[in-house]
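# Topology and contacts: notes
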Amino acid sequence: MPIEDTARGTAPAPRDRQARLATFAVFFVQGLTFATLLTQVAALQKKHGLTDGELTILLLVVPVIAGAGSALAGAAASRWGSRLILRVVQPIACAAVVLAGLATNVPMLVAANILFGLGLGGVDAGMNMQGVAVEREYGRAVLTGFHALWSVAAVIGSAWASAAATLDLGLPVTFAIALVPAAAVSILASLWLYRPEEEHRAAPAPAGTTGETTADTTAETAGAAKPAGVAWRPIIPLCLAMAFLYVGDSSVSNFGTVFMDKVVHASATVIPLALGAYQLTTFLVRVGGDFAVRRWGPAAIVRAGGSVATLGFVAIVAAPTVPLAIAGFALTGIGLSVVAPQSFSAAGRLDPAGTGVAIARVNMFNYVGFIVGAALVGGLADASGFRVAFGAPLVLAAAIILLARGFQPRRAEPATATTVVTP
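Cut-offs used in this document
Numbers given for residues are sequential positions, taken from 1 along each chain in its written order. With the structure being a predicted model, the display of local features is reserved for residues of pLDDT at least 70 and the display and counting of side-chain atom pairs for 80 or more, all residues being used for whole-chain, interface and lining totals. Derived side-chain values reflect all non-hydrogen atoms in the structure, with water molecules and hydrogen atoms excluded from consideration. Strands are runs of DSSP state E lasting at least two residues, helices are runs of H or I lasting at least four, and both sets are numbered from the N terminus onward. Summary of the burial criterion: residues with accessible area below 20% of their type's maximum are buried, those above 50% are exposed, and those between are partly exposed, where the area comes from a 1.4 Å probe applied to protein chains only. Contacts are assigned to residue pairs with any non-hydrogen atoms lying within 4.5 Å of each other. Note that accessible areas follow from Shrake-Rupley with a 1.4 Å probe, and for residues the cover is restricted to the protein chains shown. Paired rings are identified among Phe, Tyr and Trp, the last through its six-membered ring, by centres lying within 6.5 Å, and are further divided according to the angle between planes into stacked (under 30 degrees), edge-to-face (over 60) and tilted (the rest). Any helix carries an expected span of 1.5 Å times its number of residues minus one. Buried Ala, Val, Leu, Ile, Met, Phe, Trp, Tyr and Cys residues that are joined via side-chain atoms within 4.5 Å together make up what is termed a nonpolar core. Between N-to-C directions, angles cover 0 to 180 degrees, with each direction set by a line fitted to C-alpha atoms, over the stretch in contact for helices. The scheme is simple: roughly parallel for angles under 35 degrees, roughly antiparallel for over 145, roughly perpendicular for 65 to 115, oblique for anything else. Left-handed is the label given to a crossing in which the near helix is rotated counterclockwise from the far helix by less than a right angle, and right-handed is the label when the rotation is clockwise. Residue type decides the class: Asp, Glu, Lys and Arg count as charged, Ala, Val, Leu, Ile, Met, Phe, Trp, Tyr, Cys and Pro as nonpolar, and the leftover types, Gly among them, as polar.

### Notes on the overall build of the protein chain
Tallying secondary structure elements over the protein chain gives 18 helices and 0 strands in all. Taken across its 423 residues, the protein chain has 55% of its residues classed as buried. Long-range pairs, those at least 24 residues apart, make up 87% of the contacts in the protein chain between residues at least 6 apart in sequence. Accessible surface, the protein chain: about 16600 Å² in total, of which carbon and sulfur atoms supply 70%.

Structural data, given as structure tokens:
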């Protein structure tokens with residue numbers, strides 16, 4: 001069933017609009033940071049003389065550390081809120097990318113990747129906690145819009161990588177020009193994010209709720225604020241969909257530039273455009289994503305996304321030329337674009353007290369997908385080439401179609417004062 005607006009009949013408060021703008025800024029900086037680094041994977045491989053196997057191991061470092069960073073962020077946010085996390089770790093993530101460009105040897109590059117992984121995990125979890133809190137206060141689907149701006153930033157990062165290659169700028173200069181201002185924006189935006197007392201509270205009761213039910217709901221929500229009150233079972237389909245999505249996303253992000261270089265033999269100027277096309281179509285779909293979710297519901301949108309992503313990977317595997325390969329990456333972006341925001345939104349509905357526990361759990365599978373994607377696609381590429389390797393995310397994208405049912409919002413069951421309800 002479609003998502004129905006639960007708006008409270010009034011316009012968003014100025015404080016909520018302020019927090020929304022700040023969250024937009026955080027998503028923008030994260031998208032720019034991610035794309036600025038990932039579009040230069042092929043350049044980093046050449047600079048340090050890494051084999052495909054060594055590159056795979058290096059790429060595995062980031063999601064492993066990011067998973068730990070996400071878990072730490074979930075634990076910290078339940079106590080201190082996500083604003084503090086974002087204020088500290090997002091500038092660190094920006095700095096880590098610049099350090100990766102400055103690295104003169106592989107150990108220094110690994111150290112920069114570890115630092116980037118910690119920042120990536122903390123920011124991914126924290127920004128989605130803020131996004132879900134904004135969605136809760138607005139009373140309607142708005143989370144996809146944040147992810148749309150992330151995609152805009154990623155497109156800008158990809159375009160900048162292409163321009164920097166044309167200008168023959170070094171990696172340190174390329175990274176610093178983009179990310180020093182981004183870090184400053186992040187620090188300023190953190191001043192407007194929701195404070196812990198604003199973030200950690202239950203969603204408003206629906207209109208017409210009786211006083212008795214409200215009391216019961218309050219008691220239920222207080223129980224849900226404890227990590228033990230967030231059940232794993234309804235989260236599992238979201239976790240699996242997130243993992244499968246990021247197997248596909250990591251194959252594009254980590255190996256898209258390598259695919260363009262080694263399989264279709266694109267020029268240095270054209271190579272970054274594969275990720276750029278992927279992020280551009282991701283953005284275009286996400287612009288209208290919230291409206292589509294309100295109209296058709298998250299399950300239908302995720303099901304359609306899985307279908308289109310599958311077709312996109314088929315196009316990549318079969319592409320004989322550069323334009324057709326870029327078209328395949330673009331089609332894949334259309335399909336995968338809807339899965340992540342709907343996973344976080346659904347997780348937020350399963351954690352009505354806003355503790356961030358469910359979101360942090362789902363976000364961890366982001367990195368599970370990245371780890372599996374890097375190992376699986378990298379291993380298959382070593383053994384059989386990148387065309388065969390991209391067949392793995394093709395299969396898992398198709399599996400998302402089967403998991404879409406888990407995104408359907410559940411009707412709330414009446415609670416009593418003596419009943420303990422877990423999401």
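### Notes on the packing of aromatic side chains
If you walk through the whole model with that rule in mind, you get 9 aromatic pairs. Aromatic pair Phe255 and Phe386: ring centres 5.7 Å apart, planes at 45°, arrangement tilted. In this pair, Phe255 sits in helix α10 (residues 236–262) while Phe386 sits in helix α17 (residues 386–389), placing the two residues 131 residues apart along the sequence. By relative accessible area, which is 1% here, Phe255 ends up buried.

### Side note on helix α7 (residues 171–189)
Counted at 1.5 Å a residue, the expected span for α7 with its 19 residues is 27 Å, and the 27 Å between its end C-alpha atoms agrees. Buried residues of α7: Leu171, Thr174, Phe175, Ala178, Leu179, Ala182, Ala183, Ser186 and Ala189, and no others.

### Observations concerning the nonpolar core
Ranked by size, the top nonpolar core spans 119 residues in total, and within it Phe259, Met260 and Phe329 carry the most contacts. Apart from the residues within four sequence positions on either side, Met260 is in contact with His265, Ala266, Val270, Ile271, Ala274, Val322, Ala325, Ile326 and Phe329.

### With respect to the packing of helix α4 (residues 82–102) against helix α5 (residues 106–138)
Close contact between α4 and α5 brings their axes to 7 Å; oriented N to C, the two are set at 150°. Considering the angle they form, α4 stands roughly antiparallel to α5. Judged by the sense of rotation from one axis to the other, the crossing of α4 with α5 is left-handed. Its residues assigned to classes, the contact of α4 with α5 comprises 19 nonpolar, 6 polar and 1 charged.

### Topic: the environment of Ala340
Residue position: Ala340 is located in helix α15 (residues 339–349). Here Ala340 falls in the buried class, since its relative accessible area comes to 1%. Remark: the alpha-carbon pair of Ala340 and Asn363, spanning 23 residues in sequence, is separated by 9.0 Å. The residues touching Ala340, leaving out its near neighbours within four places in the chain, are His147, Met242, Leu245, Tyr246 and Arg286.

### Quick word on the side chain of Ser162
Counting through the fold element by element, Ser162 comes out in helix α6 (residues 143–166). Not counting the four nearest positions on each side in its chain, Ser162 is found in contact with Thr269, Pro272 and Leu273.

### Some thoughts on unusual backbone geometry
The phi torsion of most residues other than glycine is negative, and most of the peptide bonds are trans. Not every positive phi belongs to a glycine, and Asp168 is a case in point at roughly 60°. Along the polypeptide, Asp168 turns up in the loop between α6 and α7. A relative accessible area of 68% places Asp168 in the exposed class. The phi torsion at His265 lies on the positive side, around 55°, for a residue other than glycine. Turning to its location among the elements, His265 is positioned in the loop between α10 and α11 (273–287).

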